[in-house]
Amino acid sequence: MAKPLALTLRRISSLATQSEHDRFVVADAALLAQKARDAAANPRKREIHCFHANNAAKLHRMINALQPGTYVRPHRHLDPPKDEAFVLLTGKMGFICFKDDGSFDREDCAILDRDQGTYALDAPAGGWHAILALVPDTTLFEVKPGPYSPVSDKDFAPFAPADTDPDALAYFQATEDRFRMLMGLAARDW
């Protein structure tokens, strides 16, 4: 069996790398391990690897590597509306679809866990949502429509503090604690 060509990574920001490929690229165990290491070294505890050529691409495809403790502020993609899909590659991911007031119940939550046979999640445009890394080295294949504009890509939830807000850590911990309790997971040792 022919081995795929080595993947060339180009750093495009402090949070992301990008593939340089013409015909195709393979996301292999080495790429997932590298992005998990990058996420662990990143102060935000997450990293993206883009397969799309640029922000103007009509379809964005990426590896999203997350470590426990990363705060993905609840947001939605509304202007323009963008559906989003996640496929679990490694680890274990939590997903919360918040009500407009910021609350959530058991039916608003999901876990992607290969050991439990849950692999992918589709989130239609307009729902407030956030993801959680439930174990180290969680990697996802994420797909959503482009183009990307930092001004309008995400509408951040007014009920959730910005990641730079002093209240962000307490909010994040309370959110994950509630998620874990609702989903029957062991409490996290903060």
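Residues numbered from 1 in each chain as written. Predicted model: local features only at pLDDT ≥ 70, side-chain atom pairs only at ≥ 80, totals over all residues. Heavy atoms only, no water.

### Focus on the overall build of the protein chain
Thought 1: Within the protein chain, the secondary structure is distributed over 2 helices and 12 strands.
Thought 2: Seen in sequence order, the protein chain has helices and strands lined up from the N terminus as β-β-α-β-β-β-β-β-β-β-β-β-β-α.
Thought 3: Expected size for 190 residues packed as a compact globule is a radius of gyration near 16 Å; at 16 Å, the protein chain falls within 12% of this value.
Thought 4: Going through the 190 residues of the protein chain one by one, you find that 40% of them count as buried.
Thought 5: For the protein chain, the exposed area adds up to about 10,200 Å²; of that, 55% sits on carbon and sulfur atoms. (Helix = DSSP H or I, 4+ residues; strand = E, 2+ residues; numbered from the N terminus. Rg over C-alpha atoms; globule rule 2.2 N^0.38 Å. Buried < 20%, exposed > 50% of the residue type's maximum accessible area, 1.4 Å probe, protein only. Areas by Shrake-Rupley, 256 points an atom, 1.4 Å probe, with all protein chains shown as cover.)

### Here we look at the environment of Lys 144
Thought 1: Looking at the secondary structure, you find Lys 144 in strand β11 (residues 138-145).
Thought 2: Spatially, the C-alpha atoms of Lys 144 and Met 62 are 9.1 Å apart, while their sequence positions differ by 82 residues.
Thought 3: Those residues in contact with Lys 144, other than ones at most four positions away along the chain, are Leu 59, His 60, Met 62, His 77, Asp 83, Glu 84 and Asp 153. (Contact = heavy atoms within 4.5 Å.)

### A closer look at the state of the cysteines
Thought 1: For the structure shown, the criterion picks out 0 disulfides.
Thought 2: With no disulfide of its own, Cys 97 lies closest to Cys 109 among cysteine sulfurs, the gap being 9.3 Å.
Thought 3: Owing to a relative accessible area of 32%, Cys 97 belongs among the partly exposed residues under this scheme.
Thought 4: Classification of Cys 109 by relative accessible area gives buried; the value is 9%. (Disulfide = S-S within 2.5 Å.)

### Description of the pattern of salt bridges
Thought 1: Throughout the structure, instances matching the rule amount to 13 salt bridges.
Thought 2: The shortest N-O distance in the salt bridge between Lys 99 and Asp 105 comes to 3.0 Å.
Thought 3: On the basis of relative accessibility, which here comes to 30%, the residue Asp 105 falls in the partly exposed class.
Thought 4: One continuous salt-bridge network, built from bridges that share partners, spans Arg 11, Lys 35, Asp 38 and Glu 47. (Salt bridge = Lys/Arg side-chain N within 4 Å of Asp/Glu carboxyl O.)

### Some words on the layout of surface pockets
Thought 1: Taken as a whole, the largest pocket spans an internal volume of roughly 910 Å³.
Thought 2: Around the largest pocket sit 34 residues that line it, and Leu 15, Ile 48, Tyr 148, Asp 153 and Lys 154 are the ones nearest its centre.
Thought 3: Here the residues of the lining of the largest pocket sort into 15 nonpolar, 9 polar and 10 charged. (1 Å grid on protein atoms, 1.4 Å probe; cavity = no way out; pocket = protein on both sides within 12 Å on 5 of 7 lines; lining within 4 Å. Points joined across faces, edges and corners; volume = space filled by probe spheres on them. Nonpolar A, V, L, I, M, F, W, Y, C, P; charged D, E, K, R; others polar.)

### Some points on empty space enclosed by the protein
Regions of empty space are outlined by a rolling probe, equal in size to a water molecule, passed over the atoms.
Thought 1: Evaluation of the coordinates by the stated rule reveals 1 cavity of 30 Å³ or more.
Thought 2: Of all the secondary-structure elements, those providing two or more residues to the lining of the largest cavity are β10 (128-133) and α2 (168-183).
Thought 3: The greatest single-element share of the lining of the largest cavity, amounting to 3 residues, is contributed by α2.
Thought 4: The residue inventory of the lining of the largest cavity, partitioned by class, reads 8 nonpolar, 1 polar and no charged.

### Focus: the packing of aromatic side chains
Thought 1: In the structure shown here, the tally under the stated rule is 8 aromatic pairs.
Thought 2: Residues Phe 51 and Phe 141 carry aromatic rings whose centres are separated by 6.3 Å and whose planes lie at 45 degrees to one another, so their mutual orientation is tilted. A residue pair is termed long-range when its members are at least 10 positions apart, and Phe 51 in the loop between β3 (46-50) and β4 (59-66) and Phe 141 in strand β11 qualify at 90 residues.
Thought 3: In this structure Phe 51 comes out as buried when scored by relative accessible area, which is 9%.
Thought 4: Of the aromatic side chains, those joined through ring pairs into one cluster are Tyr 71, Tyr 171, Phe 172 and Trp 190. (Phe/Tyr/Trp six-rings, centres within 6.5 Å; stacked < 30°, edge-to-face > 60°.)

### Examining the side chain of Asp 113
Thought 1: With respect to the element layout, Asp 113 can be found in strand β8 (residues 109-113).
Thought 2: Not counting residues up to four positions away in its chain, the partners in contact with Asp 113 are Leu 88, Lys 92 and Thr 118.

### Quick notes on unusual backbone geometry
Thought 1: With an omega dihedral of 0 degrees, the bond running from Asp 79 to Pro 80 counts as a cis peptide bond.
Thought 2: You can see Pro 80 is positioned in the loop between β5 (75-76) and β6 (84-90).
Thought 3: That bond from Gly 146 to Pro 147 is cis: its omega, -10 degrees, falls within 30 degrees of zero.
Thought 4: By the element assignment, Pro 147 lies in the loop between β11 and β12 (155-156).

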